[in-house]
Amino acid sequence: MAADTSRSVAKAAGDDDLVARGPSRTTAGANPRAKRGLTRALATHWYAWAMVAPVVLVLGVIIGWPLVRGVYLSLTDANERNVARTIGVRHIEATYEFVGLDNYTAVLGDPVFWQRLVWTVMWTVACVSITFALGLGLATMLNRQFRGRAAYRMALILPWAVPGFVSVFAWRFLFNRDNGILNKVLDGGGISAVPWLDDPTWAKFSVIAVNVWLGVPFMMVALLGGLQSIPGELYEAAEMDGAGPWQRFRHITLPGLRAVSMTVVLLSTIWTFNMFPVIFLLTRGGPGDSTEILVTQAFREAFIASPRDFAGSATWGVLILALLMIFALVYRRSLRKQGEVW
């Protein structure tokens, strides 16, 4: 009896040892199985990888390499005097040196950076807010049935179809102080000419107005698509319950547009923050430097300043990218807290 008991105890101990060793054996054998699964996936969906590969390669060349190069230059003292260059048949090697974070310290310690940042944020908030309000209003009107709706839609989309630089030059002509149409109309009404592009305050107003005019069509089309996706039965039920126009707009339209609104506001913010053509072609950052934003300042460092400061321009560019990434992360976190998936 004692022998049987000892045998059973040993067997139980062996079973426990086997159970203890079981997971480790299973885990050890999982990696080869995972590798086989990955190999099988590649073999099965090779055509998908083949179609994606050119896109990844192009993006890597067009975006990845300039980004890496820009980050590297921001850590050097590169300018037009010490970069590699060819003069006639003579090739001069690069002599710039690695300086670490000195450029970032210099830019962040420069009051000019903070002045440009404040105006860039003000410009972005003003443009996006006004564009969203006008786009939502126009989308709401065009979502109704009325005669000539298609013609109105085409007319309102027209600014989006015209190349941006053409639109900006047209507005520059309209804002001309001596011969501009706007001042001619004001003069006909007995109002003195307005220095649209010659006064810092009026220049800021002008660049915001032009950017809003260019951005409204995109906002309107996106929000109109969102409005058309809201079921009409919701409005009918709310109207039968006695809800007024404002109540229907507040409790049905705005919640129904939340997903679309969050996306277009994010895109519009990024585009406006980096809206180089409007500022540069309309005012060139003037008068003085009153309308310079971060991206035009980066351009000025690389192509207008003498000597051209490539390292400083790259530093401005990296800081712009960092600011937009921080904004996108904070924006995404706020959406997730509100229950939106993005």
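Here, the structure is the one placed above.
This write-up is about the structure you can find in this document. Remember, predicted model here, so these are calculated numbers, not experimental data.

### Overview of the nonpolar core
Here comes step 1: Counting residues in each nonpolar core, the largest one holds 33 residues, and the members touching the most others are Trp 123, Val 207 and Val 210.
Here comes step 2: Broken down by secondary-structure element, the contributors of at least two residues to this core are helix H4 (102-108), helix H5 (111-142), helix H7 (164-174), helix H9 (200-228), helix H13 (276-282), helix H14 (294-303) and helix H15 (310-337).
Here comes step 3: The residues contacting Trp 123, other than those within four sequence positions of it, are Val 207, Ile 208, Asn 211, Thr 272, Met 275, Val 278, Ile 279 and Ile 293.
Here comes step 4: Formed by 15 residues, the second largest nonpolar core is a distinct cluster that contains Met 220, Leu 224, Ile 252 and Leu 257.

### Some points on helix H12 (residues 258-273)
Here comes step 1: End to end, H12 covers 22 Å across 16 residues, agreeing with the expected 22 Å (1.5 Å per residue, within 8%).
Here comes step 2: For H12, the full list of buried residues reads Ser 261, Val 264, Leu 266, Ser 268, Thr 269, Thr 272 and Phe 273.
Here comes step 3: Structurally, H12 contributes buried residues whose contacts are with H5, H9, H14 and H15.

### Points about the packing of aromatic side chains
Here comes step 1: Under the criterion given, the structure shown has 19 aromatic pairs.
Here comes step 2: Both rings, one in Trp 196 and one in Phe 205, keep their centres 6.3 Å apart while their planes meet at 25°; by these two values the pair is stacked.
Here comes step 3: Phe 205 sits in the partly exposed class, given a relative accessible area of 45%.
Here comes step 4: With 5.0 Å between their ring centres and 55° between their planes, Phe 276 and Phe 299 make a pair best called tilted. Of this pair, Phe 276 sits in helix H13 while Phe 299 sits in helix H14, placing them 23 residues apart in sequence.
Here comes step 5: For Phe 276, a relative accessible area of 22% gives the class partly exposed.
Here comes step 6: Taken together, the ring pairs in this structure connect Trp 171, Phe 175, Trp 196, Trp 202, Phe 205 and Trp 213 into an aromatic cluster.

Calculation notes
Think of each chain on its own: its residues are numbered from 1, step by step along the sequence as written. Per-residue local features are limited, in this predicted model, to residues with pLDDT of at least 70; the limit for side-chain atom pairs, both in listing and counting, is 80 or more; totals at the level of whole chains, interfaces and linings are taken over all residues. Computation of side-chain values covers all heavy atoms of the structure but excludes hydrogens and water. The term nonpolar core refers to a set of buried residues drawn from Ala, Val, Leu, Ile, Met, Phe, Trp, Tyr and Cys, joined through side-chain atoms within 4.5 Å. Buried, partly exposed and exposed residues are distinguished by accessible area as a fraction of the type maximum, computed with a 1.4 Å probe on protein chains only: under 20%, between the cut-offs, and over 50%, respectively. Under the DSSP-based scheme used, a helix requires at least four consecutive residues in state H or I and a strand at least two consecutive residues in state E, with every element numbered from the N terminus. We call two residues in contact when some of their heavy atoms are within 4.5 Å. Multiplying one less than the number of residues by 1.5 Å gives the expected span of a helix. Pairing of aromatic rings covers Phe, Tyr and the six-membered ring of Trp, with a centre-to-centre limit of 6.5 Å; geometry is then stacked below 30 degrees between planes, edge-to-face above 60, and tilted otherwise.

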